[in-house]
Amino acid sequence: MNNFEDKKSSIFNFYFFVGFSLIVSSFFEVLLNDYFLSRLTLPLTLMTLVYWNIATPRNIGFFWTMLSGFILDIFLGYFLGVHVFIFLLASYFSQRYFHRFRALFRLQQSLIVAIIVLIYQIYFILISKIFSLSIYFELLILTIISSLFWPIIYGILRYLRIKLTYGK
Amino acid sequence: MFGGEHKQTDIAQSAIFTTGSMRASRFFPAILFTFLVMYGDYTFDLSSKIRIGFSYIFSPLAQIEYLAKDGLKSFNSYFSSHKKLSEEIVTLKNQIRNLENQNLSLQNTKSSLNELEELLGLSKSFQDREIFLGKITDLKKFPKEFISVEIRTNNITKDMIAFNSFGLIGVIDELLTNSVKIIPLHDKAIKVPARNSRTLENIIIVGTGEQRTFKIEEFKKNGDIKEGDEIISSGLGDRFPEGFLLGRVSKVKESDQSNFLLVEVKNTFDFSFGSIVLFTKP
């Protein structure tokens, strides 16, 4: 249509890049879980998924969401579908409110992400049925760390997205 | 400017009017599917089977750590053995160089011994005369040809003459504390009483200053001389010993303007040869 459109990379490439980033974040999440031997994990995949749902809601598909969820289920030892379910929910609500989320400052976004992560971790505590002081402590720490991680993940993925889309 | 505005508008449009892919019509079936998978896993223990399958598939990956360790070990071992080999090669090269030096030195010793042997053989003809040996330290060809010889005795006198393994080569020009300067017989300043070995005629040969070349002074036109005649020292005047070959007549030239023949004699010795010089009195 015009020069701007011409510079855009194909949707096909972009779609696969989104999938690739989700798989890479799943891989790192599993690695971190193995390394720290914690019961809860730093939800890198969830944060990546939230980012893609907010940045390009049109391009994030069910396939990669479910695949990354299944990967985490398999490698973290959960029932198949446990992660998929929460990812689908997170994707749905992210896409429902992505306009509002985009308009927020980064700090506000971090707070929202912290709340999402908190709900996510509570979901896993409920599934695992482990209610102890140490796990609440883990929950608190991981929520704070996740909110600190959000600007980093946001920055990296945004940079890669712009690079891939406009080649700048 | 318009292009930029257009671009911004375009971005804004795509941002505002984007609709997500997660519509309820797709979302709920996906949730249903997920529940079905969960139920399947609960009933048939699917995840365990998948995990076992994955563990088989990814078992080579588990070996990567060990493979990397082994690889690193062999890598180190290769380079350490390579280093050892390189060091050994350097050592062997040094040994070869030392052996070559030794060989060279032995060859020098051998040639020195041969030279000495010949000099000693020569000295037998000196009967009871004292002989002294010196080592050549320097050789100069310009402006005046001479050799410097290191000596370790004070018994050498200026009237002595010098020999090398070829025979008579020169006379002492300058006597210093630990060395002597020897000038060759073909030096312009030297005159040697000699004899034609064929005709036994006494002559005097004079150095020309050119290497290996003498001339015979005042040889009359009616004299008997021809190319190839051997010229030996006559011993007259007691300056040079008798009977040493000095050279051969190489050229006999007649001139209308002179009553004498121009006779050139090429000597048979090499003034700069060897490393040892023998001194004796004539």
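Residues numbered from 1 in each chain as written. Chains lettered and ligands numbered in written order. Predicted model: local features only at pLDDT ≥ 70, side-chain atom pairs only at ≥ 80, totals over all residues.

Engineer: Honestly, the overall build of chain B in this entry has me stumped. Any pointers?
Structural biologist: Each helix and strand counted, chain B has five helices and 12 strands in total. Residues classed as buried in chain B amount to 20% of the 282 residues present. The contacts of chain B with a sequence gap of at least 6 include a subset with a gap of at least 24, amounting to 55%. (Helix = DSSP H or I, 4+ residues; strand = E, 2+ residues; numbered from the N terminus. Buried ≥ 20, exposed ≤ 12 C-beta atoms within 10 Å, placed from the backbone. Contact = placed C-beta atoms within 7 Å.)

Engineer: Just to check I follow, could you spell out the sheet that holds strand E2 (residues 146-150) of chain B for this structure?
Structural biologist: Note: strands within a sheet are paired through backbone hydrogen bonds, in either parallel or antiparallel orientation. Residues and elements named next belong to chain B. One closed barrel accounts for six strands, arranged E1-E2-E5-E4-E3-E12; its pairing is antiparallel. When the angles between neighbouring strand axes are averaged without regard to direction, this sheet yields 45°. Lying on the sheet, helix H5 (residues 64-123) is in contact with strand E1 (131-140), strand E3 (161-164), strand E4 (167-175) and strand E12 (276-280); it crosses E12 at an angle near 15°. (Pairing = 2+ DSSP bridges. Axes fitted to C-alpha atoms, helices over the stretch in contact; angles between N-to-C directions.)

Engineer: Can you walk me through the interface of chain A and chain B in this structure?
Structural biologist: Interface size is often expressed as the accessible area that is lost when the parts come together. Counting residues at the interface gives 19 residues for chain A and 23 residues for chain B. When residues of the side of chain A that touches chain B are traced back to their parent elements, those giving at least two are helix H4 (62-76) and helix H5 (82-96) of chain A. Tallied by class, residues from the side of chain A that touches chain B come to 12 nonpolar, five polar and two charged. (Nonpolar A, V, L, I, M, F, W, Y, C, P; charged D, E, K, R; others polar.)

Engineer: Please clarify how the nonpolar core should be interpreted in this entry.
Structural biologist: In summary, soluble globular proteins display a tendency toward joint burial of nonpolar side chains. The biggest cluster of nonpolar side chains holds 40 residues, and the ones touching the most others in it are A:Leu46, A:Met47, A:Leu49, A:Val50, A:Tyr51, A:Phe87 and A:Ala90. Elements that contribute at least two residues to this core include exactly helix H2 (11-36), helix H3 (44-55), H4, H5, helix H7 (106-128) and helix H8 (133-166) of chain A together with helix H2 (24-44) of chain B. Looking at this core, the element that brings in the most residues is H3(A), giving nine residues. Apart from the residues within four sequence positions on either side, A:Met47 is in contact with A:Val113, A:Ser146, A:Phe149, A:Trp150 and A:Ile153. Counting residues in hydrophobic clusters, the runner-up holds 34 residues, among them B:Leu185, B:Phe240, B:Val263 and B:Phe271. (Core = buried A, V, L, I, M, F, W, Y, C linked by C-beta atoms within 7 Å.)

Engineer: Any chance you could explain the sheet that holds strand E6 (residues 191-196) of chain B here in plain terms?
Structural biologist: Residue and element names in this part refer to chain B. Around the barrel, which closes on itself, the six strands sit in the order E6-E7-E8-E11-E10-E9 with antiparallel pairing between neighbours. Strand-to-strand, the axes of this sheet are offset by a mean angle of 40°, without reference to chain direction. Strand direction decides the pairing type here: E6 and strand E7 (residues 202-207), joined by five bridges, are antiparallel. Residue pairing across strands places Ala194 opposite Ile203, the latter belonging to E7.

Engineer: Any chance you could explain H5(B) here in plain terms?
Structural biologist: Since there are 3.6 residues in each turn of an α-helix, residues three or four apart along the chain are aligned in direction. With 60 residues, H5(B) ought to run about 88 Å at 1.5 Å a step, and its terminal C-alpha atoms sit 86 Å apart, in line with that. Burial runs low along H5(B): only one of the 60 residues are buried. (Expected span 1.5 Å × (residues − 1).)

Engineer: How do you make sense of the environment of A:Ile74 when you look at a structure like this?
Structural biologist: Within the secondary structure layout, A:Ile74 lies in helix H4. Given 20 C-beta atoms within a 10 Å radius, A:Ile74 is considered buried. If sequence neighbours within four positions are ignored, A:Ile74 has contacts with B:Ser47, B:Ile50, B:Arg51 and B:Phe54.

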